[in-house]
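# Structural overview
For reference, the chains in residue letters:
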Amino acid sequence: MPDNEITFASLNLAQPLMRAIADAGYTKPTPVQAQAIPLVLAGGDLLAGAQTGTGKTAGFTLPILHLLSEKQAASKRHGCPRCLILVPTRELAAQVEESVQTYGKYLPLKSMVMFGGVNINPQIKALRGQVDILVATPGRLLDHAGQKTLDLSGVEILVLDEADRMLDMGFIRDIKKILALLPKQRQNLLFSATFSDEIKALSDGLLHNPGYVEVARRNSTVELISQSIHLVPQRLKSHLLAHLIKHNDWKQVLVFTRTKHGANRLTEKLIADGIPAAAIHGNKSQPARTKALAQFKDGSLPVLVATDIAARGLDIDQLPHVVNFELPNVPEDYVHRIGRTGRAGSSGSAISLVDKEELPFLRSIERLIKREIPVVEVDSFVPPANLPAEAPRPPRQAHGQRRNNGPRAEGRGNRQQPRGEGPRGNGQGQRNPQQREQQPHSRQQAAKPRSPDKSPEPNKAAEPQYMSEAARHQAMPQPALFSPKPVTRRGR
Ligand code: AMP
């Protein structure tokens, strides 16, 4: 049957699940659900290519809830989950567990979410009760396994969600350690937005005769998203952004910065400009992140400034505006970022503020999405007078170098610190991956206004190719050239 003819009724899900689906207002399975649900219900392993926003969470949660509710647990021991869902970030963990609760609300199954950055004791207490489905980030899960507060010997179904991002964040060793703690006989589901060689190696070792599902990547749905570029020197970006927000009266905009330091600095500038904003990244406490996200979602906070890792997996529907304050080094991240807008069939706008130094990143992105993004000038923008000249910045690394030197590579696989050292083990879960994002070098630097930018782990061996301000200006369109209509690209 073609995907678009499959209905929830034809999937033969248990009645309590059908009621929950109706309550959620879903009328039709999404393509990933239509394909994945029958395969999971049949009990086989699954390899699925699907991103956040495709409905993938219900694609595995619904059939898992069905299977668990149909079959008695082999053991009724407490703290012994039957299904383990591993995810890369705390936000995604919270979201997935919320989905488990939403879809499983008419079933007697119990779920629990487990991640670092919060006190471990309430988790230990929860593990003393019934837990059928555990949604966890790898670091905190291993902490519990090490403390013997969690028994993984009853796991019947394992899900690796956003497996590519888990590998990017250096979780491969932890995943292997966790796999060693699971029973050999189990069903395995692996979801990934991309299929790198590492993902293939992981799936080859993990999955047995898997069913395969792949749904349209975001970069094939970008038609819904109006993308544009404003060419602007780095030092004018925060002024232009504040202008765009005020001038267009934007009520909800997600802004991506490359570093945590940059996110803080931009947030401070926007607030100073009278625009309520909050930053969300790995250095923020979990309550601060949860609060900022809740306010952003309910519309009381118009601007959320996020790093890629913190924003990964955030389920914010129908976001009208996404701004790339800096272009990402990795072109796929651009697609993930702009996928935050234009969701569920609604249109959205994705605007990138691009300094001349970022043009190589722009070219890689355009190659990936197979289209040229129009350059738009903003003629209503008048740059502030008497701005200090921009200090030279070290060059940013191209894609590929970062894997060895950049912030993602600060993941577990590259850790210098032996396990057990450092603050870990005090129950506060310091091993969360977001903390591996770019750190300000010192508190003073974090508080200072714009100084020479800190690229993630600048390649010390490379000779910085500084550009004089005059040369930069010659190559860049001048702010006076900004106008709201698409223009022919310059300087490329
Ligand atoms: P996910 O890709 O799992 O993060 O899901 C993205 C969004 O799609 C979530 O807000 C879900 O509530 C929503 N969603 C999931 N399945 C459906 C469906 N069949 N119909 C409409 N919305 C859905």
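Residues numbered from 1 in each chain as written. Predicted model: local features only at pLDDT ≥ 70, side-chain atom pairs only at ≥ 80, totals over all residues.

### Considering the overall build of the chain
Per the secondary structure count, the chain includes 18 helices and 15 strands. A separation threshold of at least 6 residues defines the contact pool for the chain, and within that pool the share at least 24 residues apart is 80%. (Helix = DSSP H or I, 4+ residues; strand = E, 2+ residues; numbered from the N terminus. Contact = placed C-beta atoms within 7 Å.)

### Details of the confidence of the model for the chain
Averaged over every residue, the pLDDT of the chain is 79; residues scoring 70 or more account for 74%. Low confidence marks residues 399-488, where pLDDT is under 50. Its contacts with residues over four positions away, or in another chain, come to 150 contacts. (pLDDT = per-residue confidence, 0-100.)

### Regarding helix α3 (residues 56-70)
In this model α3 runs 22 Å from its N-terminal to its C-terminal C-alpha over 15 residues, within 8% of the 21 Å that 1.5 Å per residue would give. Most of α3 is tucked away, with 12 of its 15 residues classed as buried. (Expected span 1.5 Å × (residues − 1). Buried ≥ 20, exposed ≤ 12 C-beta atoms within 10 Å, placed from the backbone.)

### Overview of the packing of helix α2 (residues 31-41) against α3
Between α2 and α3, the shortest axis-to-axis distance is 8 Å and the interhelical angle comes to 25 degrees. When the interaxial angle is binned, α2 and α3 end up roughly parallel. You can see that α2 and α3 cross each other, and the crossing is right-handed. Contacts between α2 and α3 involve Val32, Gln33, Ala36, Ile37, Val40 and Leu41 from the former and Lys56, Ala58, Gly59, Phe60, Leu62, Pro63, Ile64, His66 and Leu67 from the latter. By residue class, the composition of the contact of α2 with α3 is 11 nonpolar, three polar and one charged. (Axes fitted to C-alpha atoms, helices over the stretch in contact; angles between N-to-C directions. Parallel < 35°, antiparallel > 145°, perpendicular 65-115°, else oblique. Left-handed = near helix turned anticlockwise from the far one by under 90°. Nonpolar A, V, L, I, M, F, W, Y, C, P; charged D, E, K, R; others polar.)

### Describing unusual backbone geometry
Phi is positive for Glu162, which is not a glycine, with a value near 50 degrees. Structurally, Glu162 is set in the loop between β5 (157-160) and α7 (163-168). Looking at Glu162, the number of C-beta atoms within 10 Å reads 24, which means it is buried. Backbone geometry places Asn209, a non-glycine residue, at a positive phi of 45 degrees. Structurally, Asn209 can be placed in the loop between α9 (197-206) and β7 (211-214).

### Notes on the sheet that holds strand β4 (residues 133-136)
Backbone-to-backbone hydrogen bonds join strands into a sheet, with any given pair of strands oriented parallel or antiparallel. As summarised here, the arrangement of the seven strands in space is β3-β4-β2-β5-β6-β1-β7, forming an open sheet in which the pairing is parallel. Two strands lie at the open edges of the sheet, namely β3 (111-114) and β7, each paired on one side alone. With direction set aside, neighbouring strand axes in the sheet form an average angle of 10 degrees. Examined bridge by bridge, strand β1 (residues 46-49) and β7 share four bridges and lie parallel to one another. When the sheet's bridge partners are listed, Gly49 is paired in β7 with Glu214. (Pairing = 2+ DSSP bridges.)

### So, the site of the ligand
The environment of the ligand is made up of 14 residues, and the closest members are Tyr26, Thr52, Gly55, Thr57 and Ala58. No other element matches the three residues that α3 contributes to the shell around the ligand. Across the shell around the ligand, the residue classes tally to three nonpolar, seven polar and four charged. (Near = placed C-beta within 6 Å.)

### Describing the environment of Pro16
With respect to the element layout, Pro16 can be found in helix α1 (residues 15-24). Judged by the 18 C-beta atoms lying within 10 Å of it, Pro16 is partly exposed.

### Side note on the pairing of β5
Covered by surrounding structure in β5 are Ile157 and Val159 together with Leu158 and Leu160, the residues of both alternating faces. Judged from the four bridges that link them, strand β2 (residues 83-86) and β5 form a sheet pairing that is parallel. Following the sheet pairing, Ile85 is matched in β5 by Val159. Pairing between β5 and strand β6 (residues 187-192): four bridges, direction parallel. Bridging across to β6, Ile157 finds its partner in Gln187.

### Thoughts on the packing of helix α14 (residues 331-338) against helix α15 (residues 359-369)
Between α14 and α15, whose axes approach to 8 Å, the crossing angle comes to 70 degrees. On the basis of their axis angle, the class for α14 and α15 is roughly perpendicular. Crossing of α14 against α15: the hand is right-handed. The segment α14 lies against α15, with Pro331, Glu332, Tyr334 and Val335 engaging Ser364, Ile365, Leu368 and Ile369.

### Quick look at the pairing of β6
If a strand is regular, its side chains alternate between the two faces of the sheet. By the criterion of burial, β6 is predominantly enclosed, with five of the six residues buried. Sheet analysis places β1 next to β6, joined by four bridges and oriented parallel. What sits directly across from Gly49, in β6, is Ser192.

### What to know about the environment of Ala9
Topologically, Ala9 is positioned in the segment before α1. Using a count of 9 C-beta atoms within 10 Å as the deciding quantity, one classes Ala9 as exposed. The spacing of Ala9 and Pro29 is 20 residues in sequence and 9.7 Å in space, taken between C-alpha atoms.

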